[in-house]
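Remarks on the overall topology
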Amino acid sequence: MDPENVNIRETCTDAVFERGRNYRDEGRIQRIERFGDVVTAAVRGSSLYGVTVELGENTVDARCTCPYEGAGECKHVVAVLLDVIADPPQDESERVERVIEDVSSDDLHAFVRDTLAENPDLREQFLARFGDGTKSVEAYRDEIEELFDQHTQHYPVVTEAIDFSHVFELAEQYRERERYRAAVTVYR
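Given the structure is predicted, the values throughout are model-derived calculations rather than measurements.

1. Observations concerning the environment of serine 46
- Within the fold, serine 46 resides in the loop between β2 (38-44) and β3 (48-55).
- Note: C-alpha distance between serine 46 and cysteine 66 (20 residues apart in sequence) is 9.3 Å.
- Side chain to side chain, serine 46 and tyrosine 49 meet in a polar contact 3.0 Å long.

Next up, the structure:
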C-alpha cells in the first residue's frame, strides 16, 4: 500500500489527530523502522510506547502498547502514520532477504536457536506458528474459563453478564490472518 493513500483523519478523532501531529512535531518518535509493509516505532509519551502499523492493500492495522481506549487510533499511532507519510522509512526486508540467502542452513538454524533461547516472547510466537500444536484453541478456551471462574467466584453476578464471544471472534480473525502471536495473546 502507498502510505500517501492513508487518510489518517478517518482513523481517529479530531482531538487525537491534533495531539498526534503535535507528538510528531515535538520529535517524540524515538525509533521508526520498516520491514515490508510493517512499520514499528517507539513513541515517547508518559512512557515509551511501542507502535506497530501493518499497511495492507487498502487497510491500516495499527497497535500501540499505550492504555488508550477511546474511539479510533491513539495519538502515538497517528504520530507514526504522519511520519511514514512525510518521510517513509527505508524498507529493510530486501536487505535481510539477501543476507538470508547467503547464510548456510546450519548457521541460520544456530542463529534462530540462540535468538529463541534469549527471547521468550519470540520463542512463544515461533512455537505458536511452527510448533506441534500441543495446545488447541479449545484448550486455551477451557483454560481461560477456568482462570476466569477462579478469579470471579466471589462475584457471580458480574460473570453472568459478560459475553466473551467477541473476544474469541477476534482471536479467530487473527488466526485466519496468520497473526498467531496476536491470537495467542487474545486467548490468554
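2. A word on the sheet that holds β2
- Strand order in the open sheet made by the four strands is β1-β2-β3-β4, with antiparallel pairing throughout. Since the sheet does not close on itself, it has two edges, and those belong to β1 (29-35) and β4 (60-64), each with one partner. For this sheet, the mean angle separating the axes of adjacent strands, direction not counted, is 15°.
- Bridge analysis of β2 against β3 gives seven bridges, and the strand direction is antiparallel. Considered in β3, the bridge of arginine 44 is made with leucine 48.

3. Considerations on the packing of helix α4 (residues 105-118) against helix α5 (residues 120-130)
- At a minimum axis distance of 5 Å, the contact between α4 and α5 shows a crossing angle of 120°. As the angle between them shows, α4 and α5 are arranged oblique. Note on element contacts: α5 touches α4 through Pro120, Leu122, Arg123 and Phe126, opposite Val112, Thr115, Leu116, Ala117 and Glu118.

4. A short note on a negative patch on the surface
- A contiguous patch of negative charge, built from Glu138, Asp142, Glu145, Glu146 and Asp149, is present on the exposed surface.
- Its place among the elements puts glutamate 146 in helix α6 (residues 137-152).

5. Quick notes on the nonpolar core
- Counting residues in each nonpolar core, the largest one holds 23 residues, and the members touching the most others are Val51, Val53, Val78 and Val80.
- The set of elements that each furnish at least two residues to this core consists of α1 (14-25), β2, β3 and α2 (75-86).
- Of all the elements, α2 adds the most residues to this core, at seven residues.
- If we ignore the near neighbours within four places in the chain, the residues touching valine 80 are Ile29, Ile32, Val39, Ala41, Val43, Val51 and Val53.

6. Details of the packing of aromatic side chains
- Enumeration over the complete set of coordinates arrives at zero aromatic pairs.
- Taking NZ or CZ as reference, arginine 9 lies 3.9 Å from the ring centre of phenylalanine 17, over its face.
- Over the ring of tyrosine 23 we find arginine 28, and its NZ or CZ is 4.1 Å from the ring centre.

7. Details of the pairing of β1
- Here six bridges tie β1 to β2, and the two strands are oriented antiparallel to one another. Counted as the bridge partner of arginine 31 is alanine 42 from β2.
- Here β1 folds back onto β2 in antiparallel fashion, the turn holding two residues, of which glycine 36 has a positive phi close to 65°.

8. Observations regarding the side chain of serine 93
- Summarising the element assignment, serine 93 is placed in helix α3 (residues 93-102).
- Residue classification places serine 93 among the buried residues on the basis of a relative accessible area of 14%.
- For serine 93, the contacting residues outside a window of four places in its chain are Phe35 and Gly36.

9. A few points about a nonpolar patch on the surface
- There is a patch of nonpolar side chains on the surface, built from Phe35, Val96, Val99, Ile100, Val103, Leu108, Phe111, Val112, Phe126, Leu127 and Phe130 and spanning about 940 Å² of accessible area.
- For the nonpolar patch, the secondary-structure elements that each account for two or more residues are α3, α4 and α5.
- By secondary structure assignment, the location of valine 99 is in helix α3.
- On the basis of relative accessible area, valine 99 is assigned to the partly exposed category, the value being 48%.

Parameters and conventions
Residues numbered from 1 in each chain as written. Predicted model: local features only at pLDDT ≥ 70, side-chain atom pairs only at ≥ 80, totals over all residues. Heavy atoms only, no water. Helix = DSSP H or I, 4+ residues; strand = E, 2+ residues; numbered from the N terminus. Polar contact = N/O pair within 3.5 Å; in protein donor to acceptor, adjacent residues only side chain to side chain. Pairing = 2+ DSSP bridges. Axes fitted to C-alpha atoms, helices over the stretch in contact; angles between N-to-C directions. Parallel < 35°, antiparallel > 145°, perpendicular 65-115°, else oblique. Contact = heavy atoms within 4.5 Å. Patch = residues over 30% accessible without salt bridge, like charges linked within 9 Å, V, L, I, M, F, W, Y side chains within 5 Å. Areas by Shrake-Rupley, 256 points an atom, 1.4 Å probe, with all protein chains shown as cover. Salt bridge = Lys/Arg side-chain N within 4 Å of Asp/Glu carboxyl O. Lys, Arg positive; Asp, Glu negative; His and termini not counted. Charge placed at Lys NZ, Arg CZ, Asp CG, Glu CD. Core = buried A, V, L, I, M, F, W, Y, C linked by side-chain atoms within 4.5 Å. Buried < 20%, exposed > 50% of the residue type's maximum accessible area, 1.4 Å probe, protein only. Phe/Tyr/Trp six-rings, centres within 6.5 Å; stacked < 30°, edge-to-face > 60°. Lys NZ or Arg CZ within 6 Å of the ring centre and 35° of its normal.

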